[in-house]
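# Observations on the model geometry
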Amino acid sequence: MLAWKASCADLLHDFARAAFLFSPNPTVQEYVINNHVQADKDAAERLIAKWLLPEGTLETERSRLMASLVTTLWKEWGEFCNHTGGYEKEYMWIAACDGKTPPHLWHSYFSGHTKVLQKLACRVCSKVLGIGSAERSWKKFKGNLSAERSKLSPKKA
């Protein structure tokens, strides 16, 4: 948690900012509530525009729909942070602390009553954000593209 606190001000990528914003971990949540900045809101709103607005909508319809989605998201986020409106069950927050339930699965299980928050949080929180996580994720492919293999002729490969 201390690493997050030290680096959260330096988060520049929209995914990282939004993942921090939608984390169900109570410690992270408390920090976000106390230190929430406009850049976090802007990042989430850019992701709404990117993922949740239908392609090919007219500009007037697009701005009306965007305003509706943004209003809904921040209402649902307020309920999420305050543990109200469907988030009041204690077992939800126990699962958030157990270290076994990744945030995207937590939102998949417990944010089903929301219209916007679940879609956005599941997509954002399932992304690999840190370099260590990315390296572990791609480690299994390392053998496929090794230096030795690239020197092999097609017959030996």
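The structure under discussion appears in the preceding block.
Figured I'd write up the structure that's included with this text. (Residues numbered from 1 in each chain as written. Predicted model: local features only at pLDDT ≥ 70, side-chain atom pairs only at ≥ 80, totals over all residues. Heavy atoms only, no water.)

### Quick word on the nonpolar core
Generally speaking, a soluble globular protein has its nonpolar side chains buried in company with each other. Stated formally: We define a nonpolar core as any set of buried Ala, Val, Leu, Ile, Met, Phe, Trp, Tyr and Cys residues linked to one another through side-chain atoms lying within 4.5 Å. Each residue gets one of three labels from its accessible area relative to the maximum for its type: buried under 20%, exposed over 50%, partly exposed in between, using a 1.4 Å probe on protein chains only. Labels follow the DSSP assignment, with helices taken as runs of H or I lasting at least four residues and strands as runs of E lasting at least two, numbered in each case from the N terminus. Any two residues having at least one pair of non-hydrogen atoms within 4.5 Å are treated as being in contact.
If you look at the biggest cluster of nonpolar residues, it comprises 35 residues, and the most contacted ones within it are Phe-22, Ile-48, Leu-73, Trp-77, Phe-80, Trp-106 and Leu-120. When contributions to this core are tallied by element, the ones reaching two or more residues are α2 (14–21), α3 (26–35), α4 (38–51), α5 (59–82), α6 (90–97), α7 (103–110) and α8 (117–125). Here Phe-22 is in contact with Ala-44, Leu-73, Trp-77, Phe-80, His-107, Leu-117, Leu-120, Ala-121 and Cys-125, once residues within four sequence places are set aside.

### Describing the packing of α4 against α8
Here is the rule we go by: Note on geometry: axes are lines fitted to C-alpha atoms, helical ones only across the stretch in contact, with angles between N-to-C directions running from 0 to 180 degrees. The labels follow the angle: roughly parallel below 35 degrees, roughly antiparallel above 145, roughly perpendicular from 65 to 115, and oblique for the rest. Asp, Glu, Lys and Arg are counted as charged, while Ala, Val, Leu, Ile, Met, Phe, Trp, Tyr, Cys and Pro are counted as nonpolar; the rest, among them Gly, fall into the polar class.
As a packed pair, α4 and α8 sit with axes 11 Å apart at the nearest point and diverge in direction by 100°. Taken together, α4 and α8 sit at an angle that is classed as roughly perpendicular. Here Ala-44, Leu-47, Ile-48 and Trp-51 of α4 lie close against α8, whose contacting residues are Leu-120, Arg-123 and Val-124. Class assignment for the residues of the contact of α4 with α8 results in six nonpolar, no polar and one charged.

### Description of the environment of Gly-85
With respect to the secondary-structure elements, Gly-85 resides in the loop between α5 and α6. Each residue touching Gly-85, except ones within four places of it in the same chain, is listed here: Glu-79 and His-113.

### Side note on the packing of α2 against α4
One can describe the packing of α2 onto α4 by two numbers: an axis separation of 8 Å at closest approach and a directional angle of 110°. By the angle class used here, α2 and α4 are roughly perpendicular. When α2 is examined against α4, the residues Asp-14, Phe-15, Arg-17, Ala-18 and Leu-21 are found in contact with a partner set consisting of Ala-39, Asp-40, Ala-43, Ala-44, Arg-46, Leu-47, Lys-50 and Trp-51. Looking at the contact of α2 with α4, its residues break down into eight nonpolar, no polar and five charged.

### A short note on the packing of aromatic side chains
Under the convention used in this document: Here is the rule: rings of Phe, Tyr and Trp (six-membered ring for Trp) pair when centre to centre is within 6.5 Å. Planes less than 30 degrees apart are stacked, more than 60 are edge-to-face, and the remainder are tilted. Only lysine NZ and arginine CZ atoms are considered, and such an atom sits over a ring when it is within 6 Å of the ring centre and within 35 degrees of the ring normal.
On inspection of all chains with the given rule, the structure shows eleven aromatic pairs. On the numbers, 5.6 Å between centres and 85° between planes, the contact of Trp-74 with Trp-77 is edge-to-face. Of the two residues, Trp-74 and Trp-77 are both situated in helix α5; the distance of three residues between them amounts to about one turn of the helix. In this structure, Trp-74 and Trp-77 share a single accessibility class: buried. Ring geometry for Tyr-87 versus Trp-93: centroids 6.3 Å apart, planes at 50°, classification tilted. Three or more aromatic residues link up through ring pairs in this structure, and these residues are Phe-80, Tyr-87, Tyr-91, Trp-93, Trp-106, Tyr-109 and Phe-110. In this arrangement the basic side chain of Lys-41 is found over the ring face of Trp-74, its NZ or CZ atom lying 5.3 Å from the centre.

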